[in-house]
Structure formats: C-alpha cells, structure tokens
Amino acid sequence: MDSSPTEVTSTRRGYWLSMALVVALPAALSAQTWGSIKDWRSQHLRQPVSATLGQPIDYAGASWTVTRLTRLAGSEGSAVVLAEFEALAADPKALGAIPCQVRLSDESGREWQPTLFADPVVGKQYPEAQQRSLCGGSAFAATEPGKPARMAASFSIPPAASSLTLSIALYSALPNYLSVSEPRT
C-alpha cells in the first residue's frame with residue numbers, strides 16, 4: 001500500500017511540528033522559571049549595605065545619610081520611631097522614578113511599614129519632619145541637582161521592641177539595601 005504525496009507531507013509536517021514543540025515548550029518553561037527565580041531572589045535574598053547614623057554612604061547612585069533615628073513615646077502606650085534621611089544624587093529625577101521601600105525591623109524579625117506621621121507626637125516634637133516626603137518619587141521630583149532630597153518616615157512600634165534597624169531599598173539596587181541600626185544607649 002503506497003501513501004499518497006499529501007499523506008507523506010502531512011505526516012512530515014506533523015513530525016516536525018511535534019519536534020518543534022519538544023524543543024520550544026521546555027525552552028519557554030525554563031525562561032519563565034528563570035524570570036520567576038530572579039524575581040524571587042531580588043525580593044527575598046537581600047544583602048545589607050551597612051551604614052552608620054550621620055555618615056554618608058554610596059548606594060543606588062546617590063550619597064545617602066540617615067540623619068535621625070529617634071525613638072519617641074507615642075500615644076496610647078505605643079512607641080514611635082522617627083527616621084530622617086537624605087540622598088544627594090547627580091540626577092534626582094532619574095532616581096525618583098525608581099520604586100523605594102522603607103521599613104523598620106527589630107532583633108526578633110518583626111517588621112513595620114511607615115505610618116505617615118499618624119501619631120501627633122511627631123508633629124509636636126519635630127514639625128519639620130512632617131514637611132518631608134517618604135522615600136521615592138515626590139522627594140526627588142522637588143529636588144534640584146546638587147541639593148539633597150530630604151525624606152522622613154515614622155513607625156508605630158511596641159515599646160518593648162529593641163535593636164531596631166532601618167532599611168531603605170531601591171528596586172534598581174536589589175538585592176542590596178541600605179541598613180542603619182538604632183544607636184545603642
């Protein structure tokens with residue numbers, strides 16, 4: 001029994017299509033998996049760039065200085081930590097386009113996000129801090145080249161939290177992040 005030329009062409013086409021899928025499908029899956037691994041790594045495996053309070057350090061294309069990391073007695077039995085920091089960048093507008101994350105953590109691994117000056121103690125004791133933006137876009141947008149972008153964040157924490165560390169992470173610099181520990185008293 002002889003096969004017709006159309007059947008042979010159809011069989012060959014099916015064979016090559018299945019071979020292409022055998023190569024293309026694993027390649028597509030591995031490319032997708034590699035992207036997921038890189039995303040996971042950039043979000044979870046981070047390397048601290050340790051800094052000292054008041055000392056400038058280069059990070060993410062700017063010279064950063066954490067100028068204040070102060071614990072205050074908050075309202076309703078809480079504590080408030082005020083962090084003030086600045087960054088001197090050659091191109092503030094470019095730096096402002098990069099997402100930035102600020103957080104506070106303690107020795108037991110608990111983390112807090114900024115509260116946007118929700119506690120009135122910050123406004124009473126440090127009114128100038130309320131005029132500053134959080135890290136990122138608006139802080140850099142209002143800054144001229146050659147002048148530092150001044151930023152601030154406050155955190156509402158349990159009074160017993162100890163050994164606090166401020167972290168500032170710009171997504172373009174991950175897995176590295178800026179890390180400043182609370183001064184020991």
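Residues numbered from 1 in each chain as written. Predicted model: local features only at pLDDT ≥ 70, side-chain atom pairs only at ≥ 80, totals over all residues. Heavy atoms only, no water.

Caption draft 1: Main features of the sheet that holds strand S2 (residues 57-59). Strand order across the open sheet formed by four strands is S2-S3-S4-S7, with antiparallel pairing between neighbours. The open sheet terminates on both sides in strands that have one partner only, identified here as S2 and strand S7 (149-157). Going across the sheet, the axis of each strand differs from the next one's by a mean of 35°, ignoring polarity. Sheet analysis places S2 next to strand S3 (residues 62-73), joined by three bridges and oriented antiparallel. If you follow Ile57 over to S3, its bridge partner there is Trp64. (Pairing = 2+ DSSP bridges. Helix = DSSP H or I, 4+ residues; strand = E, 2+ residues; numbered from the N terminus. Axes fitted to C-alpha atoms, helices over the stretch in contact; angles between N-to-C directions.)

Caption draft 2: Broad picture of the pairing of S3. What sits between S2 and S3 in their antiparallel hairpin is a turn of two residues, with Ala60 showing a positive phi close to 55°. Of the pairings in the sheet, the one linking S3 to strand S4 (residues 79-89) comprises 11 bridges and is antiparallel in character. Within S4, the residue paired with Trp64 across the bridge is Ala87. Linking two consecutive strands that pair antiparallel, namely S3 and S4, is a turn of five residues; a positive phi of about 55° is found at Glu76 within it.

Caption draft 3: Looking closely at the state of the cysteines. Under the defined criterion, the tally for this structure stands at one disulfide. Between the sulfur of Cys100 and that of Cys135 lies a disulfide, 1.8 Å long from S to S. On the sign convention where negative means left-handed, the S-S torsion of about 85° between Cys100 and Cys135 marks this disulfide as right-handed. Here the residue Cys100 occupies a position in strand S5 (residues 100-105), and Cys135 occupies one in the loop between helix H3 (120-125) and helix H4 (137-141), the gap between them amounting to 35 residues. (Disulfide = S-S within 2.5 Å.)

Caption draft 4: Representation of the sheet that holds strand S6 (residues 111-112). One open sheet holds the five strands; their spatial order is S1-S9-S8-S5-S6, and the pairing between them is mixed. On the outer flanks of this sheet lie strand S1 (47-51) and S6, each paired with one strand and no other. With four bridges connecting them, strand S8 (residues 165-170) and strand S9 (residues 176-181) associate as antiparallel partners. Its bridge partner being in S9, Leu166 is matched across the sheet by Val180.

Caption draft 5: The environment of Arg132, seen in detail. By secondary structure assignment, the location of Arg132 is in the loop between H3 and H4. Along the chain, Arg132 and Met151 lie 19 residues apart, while their C-alpha atoms are 5.0 Å from each other. Here Glu84 takes part through its side chain, which lies 2.4 Å from a polar atom of the side chain of Arg132. (Polar contact = N/O pair within 3.5 Å; in protein donor to acceptor, adjacent residues only side chain to side chain.)

Caption draft 6: Fine view of the pairing of S8. With six of six residues buried, S8 is to be regarded as a mostly interior element. On S8, burial covers both faces: Thr165, Ser167 and Ala169 on one face and Leu166, Ile168 and Leu170 on the other are all buried. Of the pairings in the sheet, the one linking S5 to S8 comprises six bridges and is antiparallel in character. The residue bridging Gln101 from the neighbouring strand is Ala169, located in S8. What sits between the antiparallel neighbours S8 and S9 is a turn of five residues. (Buried < 20%, exposed > 50% of the residue type's maximum accessible area, 1.4 Å probe, protein only.)

Caption draft 7: Structural detail: the packing of aromatic side chains. Applying the stated criterion across every chain, the model contains three aromatic pairs. Considering the side-chain rings of Trp64 and Phe140, the 6.2 Å spacing of their centres and the 75° angle between planes classify their relative orientation as edge-to-face. Taken together, the residues span a long stretch of sequence, with Trp64 in strand S3 and Phe140 in helix H4 at a distance of 76 residues. Taking relative accessible area as the criterion, Trp64 reaches 1% and is therefore assigned buried. An aromatic cluster of at least three residues, connected via ring pairs, comprises Tyr59, Trp64, Phe85 and Phe140. Between the NZ or CZ atom of Arg103 and the centre of the ring of Tyr177, over which it lies, the distance is 6.0 Å. (Phe/Tyr/Trp six-rings, centres within 6.5 Å; stacked < 30°, edge-to-face > 60°. Lys NZ or Arg CZ within 6 Å of the ring centre and 35° of its normal.)

Caption draft 8: A look at the pattern of salt bridges. All told, the structure shown has seven salt bridges when counted by the stated rule. Measuring nitrogen to oxygen at the nearest pair gives 3.3 Å for the salt bridge that ties Arg150 to Glu86. With a gap of 64 residues between them, Arg150 in strand S7 and Glu86 in strand S4 connect regions that are remote in the sequence. Its relative accessible area of 43% is what places Arg150 among the partly exposed residues. For Asp106, the salt bridge identified is with Arg110, shortest N-O distance 2.7 Å. Asp106 sits in the buried class, given a relative accessible area of 7%. (Salt bridge = Lys/Arg side-chain N within 4 Å of Asp/Glu carboxyl O.)

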